Amino acid sequence: MITRQRLAAGICALLATLSAGVAFPAGAVADETDSTASPKVELVLDVSGSMSAKDIDGGSRMAAAKQAFNEVLDATPEEVQLGIRTLGANYHGNDRKTGCKDTAQLYPVGTLNRTEAKTAVATLQPTGWTPIGPALLKAADDLNGGDGTRRIVLISDGEDTCQPLDPCEVAREIAAKGIGLTIDTLGLVPDAKTRDQLSCIADATGGTYTSVQHKEELSDRVGQLVDRAADPVVTPVATEGTAQCSSAPTLKSGLYTDREEFGKQRFYRVDVNPGQELRASVSVGADREVDPDYGVLLRAVTVHGREIVRGEGTGNGRTDVISTGLRYPKAESDDDNAPAETVCLQVTNSFSAASGVKTTPGLPLELTVDVVDAPSNSSDVASFGLGRGWWLLGALVLTGFVAGLLWGWLSRWRLAVWRTN
């Protein structure tokens, strides 16, 4: 009996060891990204007269916003540089021209002093107009500079009252600058027009829109967006493609953003050495209303215009972003001094603007370029469709083999004991 218990314990220990090897294979390390640049966030709050309405949990919209700000200020991560800007907080009159200039920075973007920020928020009273467009332009200037994450969180309860400066167009212009700034919007008890406008602002910069009906929803959502700014991200680099390959910018491995006009093309150049592989992908977003049935084409061509390989994608109006990609392995050369080949990446779209929709700035484009050492046929585990999963497969095969041997030995031992008895 004791012998059986020891044997069972030994088997369990062995299986546990093998399992640990599966869970933590040798040489496996986490892929972590260090971010040294401080993330910046500016909270932009609508303090117009309509914020005095008492329809959020029995209190005013302004009271709900103040409570949310106080809770968020207490929970803001230390590494986040936070600022607060208001719109419609200072001008009480009826002059539209003056009211549409009423935006001010309540607390500058920088290291947060929670007491000072809370004191500034406590002084706010619902006052004037709703100049969302001018406030967004000023907020973008407040966050200008630096390489870290930049995010605007706009909280409003109504449409912009300072047309024709359309805040949606303002958001597109901000996105077209390629500065990596995201605008998230929250609508307090919004009507249909407010919801559409705030959604358009968020969509133009890759942000999110949230409809808010209760205090806790507002506090939780603003807190989530501030925390998100502290997460490490890859910041795209703004570039500008050209209509001809000969004058196109030469790109290294990385993530790039650009703007492409409706139905036009852009060229970019990439140098690929013998024995390397070019991997490229492109995404084009419809940040405004477009006609159905569209597509995007990504071609790798020589400097003389001969096509090497292509990737293409199509849509029918159900998606806001359409993507495609390609791979081009450059064969190795016996000549150690063989020059790199210049590959031209051509991006073409077949989007067309809906009636009455502005075509400028162009559609947002995101291009990923990766030039890597081309894998050999014998060592490219990805060719088996397993990728890093071969570690797991090998460990499972070994575990099954050893467990089978042990089980067979144990069965023979038990049979021998049975015959003896």
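The coordinates are above.
Residues numbered from 1 in each chain as written. Predicted model: local features only at pLDDT ≥ 70, side-chain atom pairs only at ≥ 80, totals over all residues. Heavy atoms only, no water.

Undergrad: Is there a simple way to think about the side chain of Thr 302 in this case?
TA: Counting through the fold element by element, Thr 302 comes out in the loop between β11 (294-301) and β12 (307-315). Among residues more than four places away in sequence, those in contact with Thr 302 are Ile 308, Glu 341 and Cys 344. (Helix = DSSP H or I, 4+ residues; strand = E, 2+ residues; numbered from the N terminus. Contact = heavy atoms within 4.5 Å.)

Undergrad: Explain the packing of helix α5 (residues 132-142) against helix α6 (residues 167-176) here, please?
TA: Each pair of packed helices gets described by two things: the angle between the helix axes and the distance between those axes. Viewed as axis vectors pointing N to C, α5 and α6 meet at an angle of 20 degrees, and their least axial separation amounts to 8 Å. The angle between the axes of α5 and α6 places the two elements in the roughly parallel class. The handedness of the crossing between α5 and α6 is right-handed. Every residue of α6 that contacts α5 at Ile 132, Gly 133, Leu 136, Leu 137 and Ala 140 is listed here: Pro 167, Val 170 and Ile 174. By residue class, the composition of the contact of α5 with α6 is seven nonpolar, one polar and no charged. (Axes fitted to C-alpha atoms, helices over the stretch in contact; angles between N-to-C directions. Parallel < 35°, antiparallel > 145°, perpendicular 65-115°, else oblique. Left-handed = near helix turned anticlockwise from the far one by under 90°. Nonpolar A, V, L, I, M, F, W, Y, C, P; charged D, E, K, R; others polar.)

Undergrad: Looking at this model, I keep getting lost on the packing of helix α2 (residues 61-75) against helix α4 (residues 114-122). Mind explaining?
TA: Across the interface, α2 lies against α4 with an axial gap of 10 Å and an inter-helix angle of 175 degrees. Compared by their axis directions, α2 and α4 come out roughly antiparallel. Residues Lys 66, Phe 69, Asn 70, Leu 73 and Asp 74 of α2 form the contact with α4, whose own contacting residues are Arg 114, Ala 117, Lys 118, Val 121 and Ala 122. By residue class, the composition of the contact of α2 with α4 is five nonpolar, one polar and four charged.

Undergrad: Explain the pairing of strand β4 (residues 150-156) to me, please; I cannot follow it from the model alone.
TA: Here is the key point about a regular strand: its side chains alternate between the two faces of the sheet. Most of β4 sits out of view: seven of its seven residues are buried. Covered by surrounding structure in β4 are Arg 150, Ile 152, Leu 154 and Ser 156 together with Arg 151, Val 153 and Ile 155, the residues of both alternating faces. When strand β1 (residues 40-46) meets β4, the two strands line up parallel, connected through six bridges. Bridge pairing links Val 44 to Leu 154 in β4. Considered for its hand, the β-α-β crossover made up of β4, α6 and strand β5 (residues 181-188) is right-handed. (Buried < 20%, exposed > 50% of the residue type's maximum accessible area, 1.4 Å probe, protein only. Pairing = 2+ DSSP bridges. Right-handed = clockwise from strand over helix to strand, strands pointing away.)

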